[in-house]
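Secondary and tertiary structure notes
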Amino acid sequence: MEDVTLDRDDIAALSSDARVAILKALDSRPMTVSELADGLDLARSTVHEHLAVLADADLVTHENARKWRDYTLTKRARRVLHPGKDHRIIFLLGTSLVAMTAGALLVASFLRGFAVQGGSAVREPLLLYAGEALLGVTIALWYLAVRCRRDSFPCRG
């Protein structure tokens, strides 16, 4: 996990309630100056000034892909807003490793079967079902970890 180092300029950029509100608004999706101004009930010129301060602190960036500029958060800003997100990813991957191991052991136990008198092997279907369920949980946890890493939707705290 990469630490976020804040200097005096960063703290000055984050010291305004309006700038923090802008960062939180941009956390949901990219927005234009007009959308931010309407959503935060501020003048467009005020929002533009705040965005310039945030851009100088490398907390927001913009794209000129269309007629309007869409402002988005930088990776650095996402780490400032969600400092524990990487811990959640590590927890998801660790839990998925345990589920995958247990699932594989249960499926292997089913395939091996149990020896009974007379030399035949009995296979318990419950072991297969439980193993398949744990392997399914593993896939779901991997999906959540990838989704969490990409856009933080399920990882909001």
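Residues numbered from 1 in each chain as written. Predicted model: local features only at pLDDT ≥ 70, side-chain atom pairs only at ≥ 80, totals over all residues. Heavy atoms only, no water.

Now for helix α2 (residues 17-28). With 12 residues, α2 extends 18 Å between its outermost C-alpha atoms, agreeing within 8% with the 16 Å of an ideal straight helix rising 1.5 Å per residue. Among all positions of α2, only A18, R19, I22, L23, A25, L26 and D27 are buried. At its buried positions, α2 is contacted by α1 (8-14), α3 (33-40), α4 (44-56), β1 (60-63), β2 (70-73) and α5 (75-81). Two to three positions downstream of the cap, the backbone nitrogen of A18 sits 3.3 Å from a side-chain oxygen, assigning the N-cap of α2 to S16. (Helix = DSSP H or I, 4+ residues; strand = E, 2+ residues; numbered from the N terminus. Expected span 1.5 Å × (residues − 1). Buried < 20%, exposed > 50% of the residue type's maximum accessible area, 1.4 Å probe, protein only. Contact = heavy atoms within 4.5 Å. Polar contact = N/O pair within 3.5 Å; in protein donor to acceptor, adjacent residues only side chain to side chain.)

What follows concerns the packing of α3 against α4. The geometry of a pair of packed helices is captured by two quantities: the angle between their axes and the separation between those axes. The N-to-C vectors of α3 and α4 enclose an angle of 110°; their axes lie 9 Å apart at closest approach. Considering their axes alone, α3 and α4 lie roughly perpendicular with respect to each other. In this structure, the crossing between α3 and α4 has a hand that is right-handed. On the side of α3, the interface is formed by V33, S34, L36 and A37, while α4 contributes R44, V47, H48 and L51. Taken together, the residues that form the contact of α3 with α4 break down as 5 nonpolar, 2 polar and 1 charged. (Axes fitted to C-alpha atoms, helices over the stretch in contact; angles between N-to-C directions. Parallel < 35°, antiparallel > 145°, perpendicular 65-115°, else oblique. Left-handed = near helix turned anticlockwise from the far one by under 90°. Nonpolar A, V, L, I, M, F, W, Y, C, P; charged D, E, K, R; others polar.)

Function cannot be inferred from these measures alone, as they are strictly geometric.
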